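Chain by chain, the residues run as shown.
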Amino acid sequence: MKYDWMDAYLRSKKGAEKDYKEEWEATRYMLKGKMFAMQANHKDGREIITLKLEPSHGQLLRDEYADIIPGYYMNKEHWNSVYLDGEVPADLLQEMIDESYELLLASLSKKARQEISGELNASSD
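As the structure is a prediction and not an experimental result, all values here were calculated from the model.

Caption draft 1: Representation of unusual backbone geometry. Notably, Glu-25 is not glycine yet its phi reads approximately 50 degrees, a positive angle. Within the secondary structure, Glu-25 sits in the loop between β1 (16–21) and β2 (26–31). A residue is classified by how much of its surface remains accessible, and Glu-25, at 58% relative accessible area, is exposed. Here the phi dihedral of Lys-32 falls at roughly 55 degrees; this positive angle occurs in a residue that is not glycine.

Caption draft 2: A look at the nonpolar core. Counting 27 residues, the largest nonpolar core has Ile-49 and Leu-93 as its most contacted members. For this core, the secondary structure elements donating two or more residues are α1 (6–11), β2, β3 (34–41), β4 (47–52), α3 (90–107) and α4 (110–117). Considering each element in turn, this core owes the most residues, seven residues, to α3. Those residues in contact with Ile-49 that lie beyond four places of it in its chain are Met-6, Leu-10, Ala-37, Met-38, Gln-39, Asn-80, Ser-81, Val-82, Leu-84 and Leu-93.

Caption draft 3: Spotlight on the environment of Ala-40. Considering the arrangement of structural elements, one finds Ala-40 in strand β3. The exposure class assigned to Ala-40 is buried, which follows from its relative accessible area of 10%. Along the sequence, Ala-40 and Asp-67 sit 27 residues apart, while their C-alpha atoms lie 15 Å from each other. In this structure Ala-40 touches Glu-25, Ala-26, Arg-46, Glu-47 and Ile-48, once residues within four positions along its chain are discounted.

Caption draft 4: Representation of the environment of Ser-56. Looking at the element boundaries, Ser-56 is found in helix α2 (residues 55–64). For Ser-56 and Asp-44, which are 12 residues apart along the polypeptide, the C-alpha to C-alpha distance reads 26 Å.

Caption draft 5: Layout of the packing of aromatic side chains. By the definition in use, this model includes three aromatic pairs. For the pair Tyr-3 and Trp-5, a centre-to-centre distance of 6.2 Å together with 85 degrees between the ring planes defines the contact as edge-to-face. Residue class for Tyr-3 comes out buried when judged on its relative accessible area of 1%. Ring geometry for Phe-36 versus Tyr-101: centroids 5.4 Å apart, planes at 80 degrees, classification edge-to-face. Of the two residues, Phe-36 sits in strand β3 while Tyr-101 sits in helix α3, which places them 65 residues apart along the sequence. Exposure remark for Tyr-101: the relative accessible area of 5% places this residue in the buried category. Aromatic rings pair up to connect Tyr-3, Trp-5 and Tyr-9 into one cluster. A cation over a ring is seen here: Lys-21 above Trp-24, with NZ or CZ 5.1 Å from the ring centre. Taking the ring centre of Trp-24 as reference, the NZ or CZ of Arg-28 above it sits at 5.5 Å.

Criteria and thresholds
Residues numbered from 1 in each chain as written. Predicted model: local features only at pLDDT ≥ 70, side-chain atom pairs only at ≥ 80, totals over all residues. Heavy atoms only, no water. Helix = DSSP H or I, 4+ residues; strand = E, 2+ residues; numbered from the N terminus. Buried < 20%, exposed > 50% of the residue type's maximum accessible area, 1.4 Å probe, protein only. Core = buried A, V, L, I, M, F, W, Y, C linked by side-chain atoms within 4.5 Å. Contact = heavy atoms within 4.5 Å. Phe/Tyr/Trp six-rings, centres within 6.5 Å; stacked < 30°, edge-to-face > 60°. Lys NZ or Arg CZ within 6 Å of the ring centre and 35° of its normal.

Coordinates in, geometry out; function isn't part of it.
The structure is reproduced here in structure tokens:
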């Protein structure tokens, strides 16, 4: 794979969990049960990763890169898919992963964010 660092980078995100959803034939990267990235195949057979971005940023990237398309099988406004055999620069893909993770993290409750960052002490469990 062109982005051989990607799986390790996704799993390195604090609190990230990885699973495989068989009925989707997709690897998911989750945070507190909510998905921030999904790796699967597009209907054309090409491998993709799907990430959540601010709508205006996602549209800007889709306009600039042919290998970034509206999220496959996802909300087309918020989710974007990247062809992993395409020409998206690695540093841009990393930034997109970061944005997707941060958007999801920000949407969680304060308590969930604290649990992820390890700020809650063991006695409060």
